[in-house]
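# Understanding the architecture of this molecule
If you want the building blocks of each chain, they are given just below.
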Amino acid sequence: QVQLVESGGGLVQPGGSLRLSCAASMSSFSLYSMRWYRQAPGKQRELVASITSDDTTNTADSVKGRFAISKDNAKNTVYLQMSSLKPEDTAVYYCYALGPFAPGTTLNTYWGQGTQVTVSS
(Lines give C-alpha, C1' and ligand atoms only; values in the text may rest on other atoms or scores of the structure.)
Protein backbone atom coordinates (compact mmCIF):
# COMPACT_ATOMS: atom_id res chain seq x y z
CA GLN A 1 0.00 0.00 0.00
CA VAL A 2 1.40 3.37 -1.04
CA GLN A 3 1.87 5.89 1.73
CA LEU A 4 2.46 9.63 1.55
CA VAL A 5 3.71 11.16 4.78
CA GLU A 6 3.85 14.94 5.11
CA SER A 7 6.00 16.80 7.60
CA GLY A 8 7.30 20.29 8.27
CA GLY A 9 4.11 22.09 9.20
CA GLY A 10 3.77 24.29 12.24
CA LEU A 11 3.22 27.78 13.54
CA VAL A 12 5.07 30.62 11.82
CA GLN A 13 4.85 34.38 11.98
CA PRO A 14 3.69 36.41 8.98
CA GLY A 15 6.58 36.91 6.60
CA GLY A 16 8.24 33.71 7.74
CA SER A 17 9.16 30.56 5.87
CA LEU A 18 8.49 26.85 6.11
CA ARG A 19 9.44 23.85 4.03
CA LEU A 20 6.98 21.00 3.79
CA SER A 21 8.13 17.51 2.86
CA CYS A 22 6.17 14.56 1.56
CA ALA A 23 7.87 11.18 1.69
CA ALA A 24 6.38 8.62 -0.68
CA SER A 25 6.64 4.86 -0.42
CA MET A 26 6.13 3.84 -4.05
CA SER A 27 9.11 2.42 -5.89
CA SER A 28 8.28 4.21 -9.15
CA PHE A 29 8.18 7.69 -7.60
CA SER A 30 9.90 9.32 -10.57
CA LEU A 31 6.95 8.34 -12.80
CA TYR A 32 4.41 10.19 -10.68
CA SER A 33 2.98 13.67 -10.90
CA MET A 34 3.01 15.19 -7.42
CA ARG A 35 0.88 17.98 -6.07
CA TRP A 36 0.31 20.02 -2.94
CA TYR A 37 -3.22 21.00 -2.01
CA ARG A 38 -4.45 23.00 0.95
CA GLN A 39 -7.73 23.35 2.75
CA ALA A 40 -8.57 26.18 5.10
CA PRO A 41 -11.46 25.92 7.59
CA GLY A 42 -14.77 26.38 5.82
CA LYS A 43 -13.18 26.44 2.38
CA GLN A 44 -12.77 23.99 -0.46
CA ARG A 45 -9.52 22.18 -1.00
CA GLU A 46 -7.40 24.04 -3.52
CA LEU A 47 -4.42 23.12 -5.64
CA VAL A 48 -1.30 24.99 -4.55
CA ALA A 49 1.48 23.56 -6.69
CA SER A 50 2.29 20.64 -8.95
CA ILE A 51 5.32 18.96 -10.46
CA THR A 52 5.15 16.42 -13.25
CA SER A 53 7.28 13.35 -13.82
CA ASP A 54 9.45 15.42 -16.18
CA ASP A 55 9.82 18.19 -13.56
CA THR A 56 7.43 20.72 -15.09
CA THR A 57 6.13 22.86 -12.26
CA ASN A 58 3.11 25.07 -11.73
CA THR A 59 1.95 27.16 -8.80
CA ALA A 60 -1.38 28.80 -8.05
CA ASP A 61 -1.64 32.52 -8.67
CA SER A 62 -2.28 33.07 -4.96
CA VAL A 63 1.18 31.75 -4.06
CA LYS A 64 3.17 32.52 -7.21
CA GLY A 65 6.54 34.02 -6.38
CA ARG A 66 6.28 32.89 -2.73
CA PHE A 67 5.96 29.10 -2.93
CA ALA A 68 8.06 26.64 -4.91
CA ILE A 69 7.64 22.91 -5.45
CA SER A 70 10.50 20.52 -6.05
CA LYS A 71 11.26 16.84 -5.74
CA ASP A 72 14.14 14.50 -5.10
CA ASN A 73 13.62 11.22 -6.91
CA ALA A 74 16.50 9.61 -5.05
CA LYS A 75 14.74 10.30 -1.75
CA ASN A 76 11.17 9.71 -3.00
CA THR A 77 10.29 13.09 -1.58
CA VAL A 78 8.47 16.18 -2.81
CA TYR A 79 8.90 19.55 -1.15
CA LEU A 80 6.97 22.76 -0.87
CA GLN A 81 9.14 25.73 0.04
CA MET A 82 6.94 28.50 1.39
CA SER A 83 8.18 32.01 2.02
CA SER A 84 6.65 35.41 2.77
CA LEU A 85 3.85 33.55 4.49
CA LYS A 86 0.56 35.32 5.11
CA PRO A 87 -2.25 34.58 7.56
CA GLU A 88 -4.39 33.52 4.61
CA ASP A 89 -1.93 30.70 3.92
CA THR A 90 -3.16 29.04 7.11
CA ALA A 91 -4.54 25.63 6.15
CA VAL A 92 -3.98 21.92 6.25
CA TYR A 93 -1.58 21.07 3.44
CA TYR A 94 -1.97 17.75 1.66
CA CYS A 95 0.36 15.83 -0.60
CA TYR A 96 -1.15 14.08 -3.62
CA ALA A 97 0.28 11.60 -6.10
CA LEU A 98 -1.00 10.64 -9.56
CA GLY A 99 0.64 7.90 -11.58
CA PRO A 100 2.61 6.04 -12.61
CA PHE A 101 2.91 7.58 -16.08
CA ALA A 102 4.19 4.59 -18.01
CA PRO A 103 2.88 2.73 -21.05
CA GLY A 104 0.30 0.09 -20.21
CA THR A 105 -0.18 1.13 -16.60
CA THR A 106 -3.28 2.25 -14.78
CA LEU A 107 -3.17 5.63 -13.11
CA ASN A 108 -3.68 5.64 -9.35
CA THR A 109 -4.16 8.49 -6.93
CA TYR A 110 -2.96 8.78 -3.36
CA TRP A 111 -3.36 11.36 -0.60
CA GLY A 112 -1.31 12.07 2.47
CA GLN A 113 -2.85 12.71 5.87
CA GLY A 114 -2.09 16.42 5.82
CA THR A 115 0.04 18.77 7.88
CA GLN A 116 -1.19 21.93 9.58
CA VAL A 117 0.36 25.27 8.69
CA THR A 118 -0.65 28.22 10.85
CA VAL A 119 0.54 31.73 10.04
CA SER A 120 -0.09 34.03 12.97
CA SER A 121 1.66 36.58 15.12
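Quick note: structure is the one above.
Below is a summary of the structure that appears in this document. (Residues numbered from 1 in each chain as written. Predicted model: local features only at pLDDT ≥ 70, side-chain atom pairs only at ≥ 80, totals over all residues. Heavy atoms only, no water.)

Here the bond from G99 into P100 is cis, since omega is -5°, no more than 30 degrees from zero. As for its position among the elements, P100 is in the loop between β9 (91–99) and β10 (108–111). (Helix = DSSP H or I, 4+ residues; strand = E, 2+ residues; numbered from the N terminus.)

For the structure on display, the rule yields 5 aromatic pairs. Centroid distance Y32 to Y110: 6.4 Å. Interplanar angle 45°. Geometry classified as tilted. Of this pair, Y32 sits in the loop between β3 (18–24) and β4 (33–39) while Y110 sits in strand β10, and the two are 78 residues apart along the sequence. The exposure class assigned to Y32 is buried, which follows from its relative accessible area of 3%. On the basis of relative accessibility, which here comes to 18%, the residue Y110 falls in the buried class. Here the aromatic rings of Y37 and W111 are separated by 5.0 Å at their centres, their planes lie at 55°, and the arrangement is tilted. Placement of Y37 in strand β4 and of W111 in strand β10 is noted, with a sequence separation of 74 residues between them. Look at Y37 and you get buried, because its relative accessible area is 14%. According to the relative accessible area criterion, W111 is partly exposed, its value standing at 38%. Aromatic rings pair up to connect Y37, Y94, Y96 and W111 into one cluster. (Phe/Tyr/Trp six-rings, centres within 6.5 Å; stacked < 30°, edge-to-face > 60°. Buried < 20%, exposed > 50% of the residue type's maximum accessible area, 1.4 Å probe, protein only.)

This part covers the pairing of strand β1 (residues 4–7). With burial as the criterion, only one face of β1 is covered, namely that bearing L4 and E6; the residues V5 and S7 on the opposite face remain uncovered. Sheet analysis places β1 next to β3, joined by 4 bridges and oriented antiparallel. The residue of β3 that forms the bridge with E6 is C22. (Pairing = 2+ DSSP bridges.)

Our focus in this paragraph is the nonpolar core. Residues M34, W36, L80 and Y93 are the most contacted members of the largest nonpolar core, which totals 31 residues. Where this core is concerned, the elements lending two or more residues are β3, β4, β5 (46–51), β7 (67–72), β8 (77–82), β9 and β11 (115–119). Excluding anything up to four places from it in sequence, L80 contacts L18, R19, L20, W36, V48, A49, F67, A68, I69 and Y93. (Core = buried A, V, L, I, M, F, W, Y, C linked by side-chain atoms within 4.5 Å. Contact = heavy atoms within 4.5 Å.)

Purely spatial values, then, with no claim about function.
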